[in-house]
Amino acid sequence: MPVAYLDHAASAPLRAEVVAAMAPFSAGLYANPSGSHRLARQARQALEEARDEVASSLGCRPGEVVFTSGGTESVNLAVLGSLLARRAAGRRGGVVVRSAVEHPAVVESCAAAASRGDAEECRVAPVDARGAVDLDAMAALLGPEVSLVSVMAANNEVGTIEPLHEIAQLVRRHAPEAVLHTDAVQAAAALDLAELAAGFDLVSVSAHKLGGPKGVGALVVREGVAVAPLLHGGGQERERRSGTNDVVGAVGLAAALRAVGGSVGGSGRAEESARLRASRDRLADGLVDRVPGLTETVPRSSTLPGHLHVTVEGVEREELLVLLDDAGVCASAGASCASGALEPSHVLAAMGVEPRRAAGALRLTLGHTTTAEDVDRALEVVPAAVARLRKSDPVGA
Ligand code: PLP
């Protein structure tokens, strides 16, 4: 049975060019890059070349790139590391502000900081019905007491792109002491972070959302911004993240960022975005036509180009996902926890989507491997699955 993989926001398939870039390091170049002999120097050179490339893709200096074990660690280092550095400098933890639709990596890091006393309070900025931060409400939460602000570049559930430029301006005006972080894990495949996140002190990315390997990411720490390490040991990454470097992973992250068109002057990103937008729009139009009671959650103009989030009236998302899987369509309903079970979506709740509607949530995310056949398959399978569920539960429908 052909399988249509429409879950790129969860993880994108490895790109051929990433596999090719990593191959020599997986096979033969095994030395520890912190060593001094010739093989170590080779590994070190590969690591530093990867760092240069990541820096050029993200619009920062090589020394500002800290390699991590993925997006979650990058976010934890940004949130907890910047608060710890502040405390180490003898200052109070201050107030943390985040948006209501952040990924659990940010939500839980902020909660941990507040419960440990590294932050005095965590304030949550509300969003509008599209999931975009309400700028007036955010301004009201800012002040000289704010030590950290964290707002994602694009949302992982509904795909909404946040107004980062406006947020940066607000924060600089109303909270001059604050360190500004963006979780750009979802945005990096489609948006030019060198431009979008230029006003941010800390920027988190993860390779596996870009067609790179799982378990590697980076945090951009701009010159002059203090981040205390969470991992202590040999002092790698300029004392910001100890542990023997994952050279293969760093090479994979650099190759993935290059592939998504992040290198300076690349035009690949615009072309790929246009292709994905056209496919996503065909999918959305077709589903709206064929499935009564299916509603797009966010206007397409506000979302990442390959992202489609809908709600289907009278259908339970878990049951829908099982039928889609049986018919070879890999999709998701938004947030899943480690066990794979679905949790109530804090994102939809913050957007004011009623629980009854949220129960029928479906996320279809397209990416670099998506073909016209994948879209055709979803257009055939989703309406049939919904019809089958409604037939088996005519009252609920
Ligand atoms: N932030 C966002 C917005 C994400 O979508 C994810 C992954 O789903 C993460 C952070 C965590 O990244 P990782 O899976 O690399 O730990």
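Each remark here, short or long, concerns the structure printed above.
Residues numbered from 1 in each chain as written. Predicted model: local features only at pLDDT ≥ 70, side-chain atom pairs only at ≥ 80, totals over all residues. Heavy atoms only, no water.

**Student:** How do you make sense of the sheet that holds strand β9 (residues 294-296) when you look at a structure like this?
**Tutor:** Across a sheet, paired strands are connected by hydrogen bonds in the backbone, their directions being either parallel or antiparallel. In spatial order, the strands read β9-β10-β12; together these 3 strands make up an open sheet with antiparallel pairing. Here the strands that pair on one side only, and so sit at the sheet edges, are β9 and β12 (361-365). Pairs of neighbouring strands in the sheet enclose a mean axial angle of 30°, with direction left out of account. Bridge analysis of strand β10 (residues 307-312) against β12 gives 5 bridges, and the strand direction is antiparallel. Looking at β12, one finds that Val310 is bridged to Leu362. The sheet contacts of helix α9 (residues 268-290) involve β9, β10 and β12, and relative to β10 the element is tilted by about 10°. (Pairing = 2+ DSSP bridges. Helix = DSSP H or I, 4+ residues; strand = E, 2+ residues; numbered from the N terminus. Axes fitted to C-alpha atoms, helices over the stretch in contact; angles between N-to-C directions. Contact = heavy atoms within 4.5 Å.)

**Student:** Would you take a moment to explain the layout of surface pockets for this structure?
**Tutor:** Any space left empty among the atoms is revealed by the rolling of a water-sized probe across them. Looking at the second largest pocket, its volume works out to about 330 Å³. As for the second largest pocket, its lining consists of 24 residues, and the residues nearest its centre are Ala189, Ala190, Leu276, Leu366 and Gly367. Looking at which element gives the most residues to the lining of the second largest pocket, the answer is α9, with 5 residues. (1 Å grid on protein atoms, 1.4 Å probe; cavity = no way out; pocket = protein on both sides within 12 Å on 5 of 7 lines; lining within 4 Å. Points joined across faces, edges and corners; volume = space filled by probe spheres on them.)

**Student:** Help me understand the environment of Asp118, please; the structure alone is not making it clear to me.
**Tutor:** In this structure, Asp118 sits in the loop between α4 (104-116) and β4 (121-125). Distance from Asp118 to Gly94, taken between C-alpha atoms, is 8.0 Å for residues 24 residues apart in sequence. Reaching out from Asp118, the side chain makes a polar contact with the side chain of Arg87 at a distance of 3.5 Å. (Polar contact = N/O pair within 3.5 Å; in protein donor to acceptor, adjacent residues only side chain to side chain.)

**Student:** How should helix α10 (residues 317-326) be read in this particular structure?
**Tutor:** Residues three or four positions apart in an α-helix share a direction because the helix packs 3.6 residues into each turn. Within α10, burial applies to Arg317, Leu320, Leu321, Leu323 and Leu324. Angularly, the buried residues of α10 cover 165° about the axis, an arc narrow enough to put them on a single face. On its buried face, α10 sits against β10, β11 (329-330), α12 (355-358), β12 and α13 (372-392). (Buried < 20%, exposed > 50% of the residue type's maximum accessible area, 1.4 Å probe, protein only. Arc of directions from axis to C-beta.)

**Student:** I'm lost on the sheet that holds strand β6 (residues 179-183) in this one. Help?
**Tutor:** Across the sheet, which stays open at both edges, the 7 strands sit in the order β2-β8-β7-β6-β5-β3-β4 with mixed pairing between neighbours. Sheet topology places β2 (65-68) and β4 at the edges, where each strand pairs with a single neighbour. Recorded for the sheet is a direction-independent mean angle of 20° between the axes of neighbouring strands. One ladder, built from 4 bridges, connects β2 with strand β8 (residues 217-221); its direction is antiparallel. Residue Val65 lies in a different strand from β8, and its bridge partner there is Val220. Sheet contacts for helix α2 (residues 38-58): β2, β7 (202-206) and β8; angle to β2, the most-contacted strand, approximately 115°. Packing against the sheet, α4 makes contact with β3 (95-99), β4, β5 (146-150) and β6, and its axis sits at approximately 160° to β3.

**Student:** It is not clear to me how the packing of α10 against α13 should be interpreted in this structure. Could you clarify?
**Tutor:** In a pair of packed helices, the angle between the axes and the distance between the axes together describe the arrangement. Look at α10 against α13: their axes get within 9 Å of each other, and the N-to-C directions meet at 130°. Comparing their axes, α13 and α10 come out oblique. Judged by the twist between their axes, the crossing of α10 over α13 is right-handed. In contact with Glu319, Leu320, Leu323 and Leu324 of α10, α13 contributes Val381, Val382, Ala385, Val386, Arg388 and Leu389. Looking at the contact of α10 with α13, its residues break down into 8 nonpolar, no polar and 2 charged. (Parallel < 35°, antiparallel > 145°, perpendicular 65-115°, else oblique. Left-handed = near helix turned anticlockwise from the far one by under 90°. Nonpolar A, V, L, I, M, F, W, Y, C, P; charged D, E, K, R; others polar.)

**Student:** What is the right way to read the site of the ligand from this model?
**Tutor:** Around the ligand, the surrounding shell consists of Gly70, Gly71, Thr72, His103, Met152, Asn156, Asp183, Val185, Gln186, Ser206, His208 and Lys209. Interatomic distance of 2.7 Å between a backbone N/O atom of Gly71 and an oxygen atom of the ligand. Here Ser206 contributes a side-chain N or O atom positioned 2.6 Å from an oxygen atom of the ligand. Contact with the protein chains covers 85% of the free accessible surface of the ligand, which is 390 Å². Within the shell around the ligand, the residues separate by chemical class into 2 nonpolar, 8 polar and 2 charged. (Near = heavy atom within 4 Å. Areas by Shrake-Rupley, 256 points an atom, 1.4 Å probe, with all protein chains shown as cover.)

**Student:** Help me understand the pattern of salt bridges in this model?
**Tutor:** Two side chains carrying opposite charge are able to pair once their charged atoms lie near each other. Counted under the stated rule, the structure contains 22 salt bridges. Notably, a salt bridge pairs Asp7 with Arg363, separated by 3.2 Å at the nearest N-O pair. Of this pair, Asp7 sits in the loop between β1 (4-5) and α1 (16-27) while Arg363 sits in strand β12, and the two are 356 residues apart along the sequence. Residue class for Asp7 comes out buried when judged on its relative accessible area of 12%. (Salt bridge = Lys/Arg side-chain N within 4 Å of Asp/Glu carboxyl O.)

Read these as layout, nothing more, since geometry by itself doesn't imply function.
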